[in-house]
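Coordinate inspection notes
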Amino acid sequence: MSVVLGRLRQRAGKLRNAWYRRPRLALVSSAQLREYRQTARGIKTYRQHQLEGKHTFLLRRNVHMIEKGLTMRPRRATFAAEYIVETVDATIRLFSDIDAPLDEAEREWISSVLADYFNATAESDHDNIASARTAYQSFVQQQSSVPALGPHLHDLSTPAVKVDDLLALAQNRRSARWFRDETVGRDHVDRAVAIALESPTACNRQPYRFEIFDDRDAIKRVAEIPMGTAGYSDQLVGLVVVVGRLSAFFDERDRHLIYIDSSLATMSLVLGLEAQGIASCIINWPDIAERDAKIRKVINIDADERVVMMVAYGYPDNEALVPYSQKGSVDATRTYNSIRAQKVKRGNGR
């Protein structure tokens, strides 16, 4: 009897959930549904790469978490035990694959962090750590040395850039829409990209990429797709399409990180261009199904990726005006320690 009742309750629960879902789905916009679908594709791709054991986003995330563990005070004798086997397995698989998307600097960083980790956990008797240590040491026996690219002291006693210079760079930056008929050298663009790559991302996953166009015909095709470029798109000499990669994440809770992390990187990119005398303009990307479909026909964007924004760039036309765009004041923008007063719960008299 109890089994029957349990099945009836289970069926009733399913019906109740389905009933609740219908009106909720009706209230979800088409733009939200597209985001949910692409997020689901990203998670599916993440899981597939995880099963194959060749997952750069997973490896970057895990190594970054290990690195944070190495910086803890006091440092624990046992940590990262729940994912160290997975991390070592991904390291061996990716390092053994000559086509893996890991450059030499990343390989050196991963090797250094794992070497520090196994030294730090030498006294641990956890089975996972012992197993991972054996596998990793067997793999690196042929390596002659391990570089020191792991946790280190962050010395800011002599800042690399004076704050007044940085403020002047930020204040001088303005959105330019008119450029000289002169292509920007790719070495200058790549220096700005190198600066962008130093921006922080959640667990160092770097869930974005830059599709860069400096061919005039290609620029024209791409620049006509977003809204807000009418009147000046025909004379653009450089264009960056910022693409977020949802396959960097394993849970829908992180679906907005592509916007946060790529925006941090894009601002660094813009300042990197500005510091070289190259003007830029952020072009908003509208979340409209027709335009999303069109951009996917024009440039190479995977099903689990989304366009976040575009950036036009070039040497500014010295005879063209730019908007002043007065910014808000510091006082109007920030507060300190603004914590709401905790409400006191009143009794019911009993």
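Residues numbered from 1 in each chain as written. Predicted model: local features only at pLDDT ≥ 70, side-chain atom pairs only at ≥ 80, totals over all residues. Heavy atoms only, no water.

**Here we look at the overall build of the protein**
- When its secondary structure is counted, the protein shows 12 helices and four strands.
- For the protein, the proportion of its 350 residues judged to be buried stands at 38%.
- The contacts of the protein with a sequence gap of at least 6 include a subset with a gap of at least 24, amounting to 81%.
- Only carbon and sulfur atoms are counted for the fraction: they give 52% of the accessible area of the protein, which is about 22400 Å². (Helix = DSSP H or I, 4+ residues; strand = E, 2+ residues; numbered from the N terminus. Buried < 20%, exposed > 50% of the residue type's maximum accessible area, 1.4 Å probe, protein only. Contact = heavy atoms within 4.5 Å. Areas by Shrake-Rupley, 256 points an atom, 1.4 Å probe, with all protein chains shown as cover.)

**Re the nonpolar core**
- Within the largest apolar cluster, 31 residues are counted, with the highest numbers of intra-cluster contacts made by Leu59, Ile66, Ile84, Ile110, Leu114, Tyr117 and Phe118.
- Those elements that place two or more of their residues in this core are α3 (56-70), α4 (84-96), α5 (104-120) and α6 (127-140).
- Leu239, Ala279, Ile283 and Ile301 belong to the second largest nonpolar core, which has 23 residues in total. (Core = buried A, V, L, I, M, F, W, Y, C linked by side-chain atoms within 4.5 Å.)

**Quick notes on helix α8 (residues 186-196)**
- Listed as buried for α8 are Val189, Ala192, Val193 and Ala196. Projected down its long axis, α8 carries its buried residues within an arc of 105°, all on one side. Of the exposed residues in α8, those oriented more than 90 degrees away from the buried face are Asp187 and Arg191.
- Buried residues in α8 make contact with β1 (208-213), α10 (257-274) and β4 (305-314). (Arc of directions from axis to C-beta.)

**Topic: unusual backbone geometry**
- Along the chain, arginine 73 connects to proline 74 via a cis peptide bond; the corresponding omega equals -5°.
- Residue cysteine 203 is not a glycine yet carries a positive backbone phi of 55°.
- For cysteine 203, the position within the fold is in the loop between α8 and β1.
- The phi angle at asparagine 337 is positive, at roughly 50°, despite the residue not being glycine.
- Structurally, asparagine 337 is set in the segment after α12 (330-333).

**Details of the side chain of aspartate 292**
- By the element assignment, aspartate 292 lies in helix α11 (residues 289-298).
- Since its relative accessible area comes to 9%, aspartate 292 is described here as buried.
- Not counting residues up to four positions away in its chain, the partners in contact with aspartate 292 are Gln38 and Trp285.

**Some remarks on the pairing of strand β2 (residues 239-245)**
- With six of its seven residues buried, β2 lies for the most part within the structure.
- By the bridge criterion, six bridges tie β1 to β2 in an arrangement that is antiparallel. Considered in β2, the bridge of tyrosine 208 is made with glycine 244.
- Across seven bridges, β2 lies against β4 in antiparallel orientation. In the sheet register, leucine 239 faces β4, and the bridge partner there is alanine 312. (Pairing = 2+ DSSP bridges.)

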